[in-house]
Amino acid sequence: MSSYKDQIVKEKLPQHVAVIMDGNGRWAKKHGSVRLFGHQNGIKSVQEITEAAGQLGIKYLTLCTFSVENWNRPKLEVDGLMKLLSSTLAEQIQKLHANNVRLKVIGNGALPSAIKNKFAECEQLTANNTGLTLVLALSYSSRWEITEAMRNIAQEVKEGKIDPATITDDTIASHLATSFMPDPELLIRTSGEYRISNYLLWQIAYSELYFTDTLWPDFNKEEFYKAIDKNADKIEEFVAEGDWRNYTILVHALKSSARLIGAEKLSDDAKYLEKCGDDENETEITEKTPALLELYRSYKGHLAPLCAESEDDSNKAEMPLDQYNEAVGNIGECVQAFDYDTADQ
């Protein structure tokens with residue numbers, strides 16, 4: 001029997017797929033059990049889709065894992081979900097690491113301390129992996145994310161770091177939790193619901209939206225391949241703009257990193273690139289790409305030692321370790337994004 005996987009053309013492959021995993025509760029009810037049973041079986045789909053995305057060569061997979069609104073669910077269910085998160089992470093992290101998967105978490109940080117610390121350890125363990133980046137949206141809300149970005153921008157305006165007249169879409173995007181990765185070309189929602197549920201509202205402005213009646217625990221690799229194949233032509237149009245999109249990623253990453261580490265050179269380079277974009281000087285950007293790759297690899301190399309856990313690292317005291325890690329991650333992601341489109345040049 002043929003598979004949708006066989007019909008997927010590499011050139012039409014999305015770099016980033018986002019998923020709203022919905023239907024665990026209805027699946028459990030359908031099987032005569034409690035909601036937590038559905039969540040437990042939904043883990044199998046997470047494992048399958050993560051494996052499928054990695055094998056296809058997709059760069060980013062973002063999963064709506066636990067929203068801010070989910071805290072309003074019954075305490076018994078929330079406690080069960082937290083335990084499930086913790087146990088699954090403990091069971092799967094070494095496998096993810098062995099498969100070169102990089103783990104990232106976005107959200108407001110309102111998780112139990114023990115779980116938050118476990119995720120931080122896993123992010124650090126997989127930070128240098130170069131395969132699929134698996135992004136878990138935990139205690140996440142798009143309205144929270146945009147509000148936080150506005151608050152940070154306002155503070156930088158107050159401090160004289162940003163001129164209000166220069167604020168653009170890129171300024172906002174560079175302050176979002178997702179500034180380290182491109183916007184998703186494809187958003188998948190399972191269970192037959194046709195809404196976005198406060199998820200990646202800014203980032204999906206131009207994404208293809210794919211809705212399926214399949215409940216999340218039944219959403220397997222073949223369903224995933226089908227979603228990609230059915231949207232392949234539309235995704236191809238989006239991917240065709242890859243050089244320009246990756247240029248934008250680069251500007252976002254540099255701005256975000258410069259904001260974190262106060263690197264004047266990074267900020268200057270971001271401003272120069274942004275001017276190229278304003279002038280729509282694609283030739284200039286294309287010609288600069290090889291040199292930029294070397295420059296940002298160099299930045300990454302200089303920043304990496306600052307993330308060392310050595311107690312005698314004097315630089316470490318200047319800024320929290322997680323901010324150093326984020327800065328290195330931002331730069332690394334933009335290098336990886338550019339590599340994707342320059343490999344065959």
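Residues numbered from 1 in each chain as written. Predicted model: local features only at pLDDT ≥ 70, side-chain atom pairs only at ≥ 80, totals over all residues. Heavy atoms only, no water.

A few words now on the nonpolar core. Of all hydrophobic cores here, the largest spans 40 residues; its most connected members are I58, L61, I188 and F224. Among the elements that make up this core, the one with the highest residue count is helix α3 (residues 75–98) (seven residues). Excluding residues that lie within four positions of it along the chain, L61 makes contacts with H16, V17, V19, I49, T50, A53, L132, T133, L134 and V135. Grouped together as the second largest cluster of nonpolar side chains are 15 residues, Y60, I106, A137 and L187 included. (Core = buried A, V, L, I, M, F, W, Y, C linked by side-chain atoms within 4.5 Å. Buried < 20%, exposed > 50% of the residue type's maximum accessible area, 1.4 Å probe, protein only. Helix = DSSP H or I, 4+ residues; strand = E, 2+ residues; numbered from the N terminus. Contact = heavy atoms within 4.5 Å.)

Here we come to the packing of helix α2 (residues 35–56) against helix α7 (residues 221–230). The geometry of a pair of packed helices is captured by two quantities: the angle between their axes and the separation between those axes. Interhelical geometry of α2 versus α7 gives an angle of 50° and a closest axis separation of 9 Å. Taken together, the axis directions place α2 and α7 in an arrangement best described as oblique. Note on packing geometry: the crossing formed by α2 with α7 is right-handed. Residues E48, I49, E51, A52, A53, Q55 and L56 of α2 pack against K221, F224, Y225 and I228 of α7. Looking at the contact of α2 with α7 residue by residue, the classes come out as seven nonpolar, one polar and three charged. (Axes fitted to C-alpha atoms, helices over the stretch in contact; angles between N-to-C directions. Parallel < 35°, antiparallel > 145°, perpendicular 65-115°, else oblique. Left-handed = near helix turned anticlockwise from the far one by under 90°. Nonpolar A, V, L, I, M, F, W, Y, C, P; charged D, E, K, R; others polar.)

Take the pattern of salt bridges next. Across all of its chains, the model carries ten salt bridges by this definition. The salt bridge involving E77 is made with R35; its shortest N-O contact spans 3.0 Å. Of this pair, E77 sits in helix α3 while R35 sits in helix α2, and the two are 42 residues apart along the sequence. Taking relative accessible area as the criterion, E77 reaches 8% and is therefore assigned buried. Relative accessible area serves as the criterion here: at 38%, R35 is assigned to the partly exposed category. The partner of E77 in a salt bridge is R73, with the nearest N and O atoms 3.0 Å apart. Look at the salt bridges and you will find they share partners, linking D22, R26, R189, E193 and R195 into a network. (Salt bridge = Lys/Arg side-chain N within 4 Å of Asp/Glu carboxyl O.)

Limitation: the analysis is restricted to geometry and does not speak to function.
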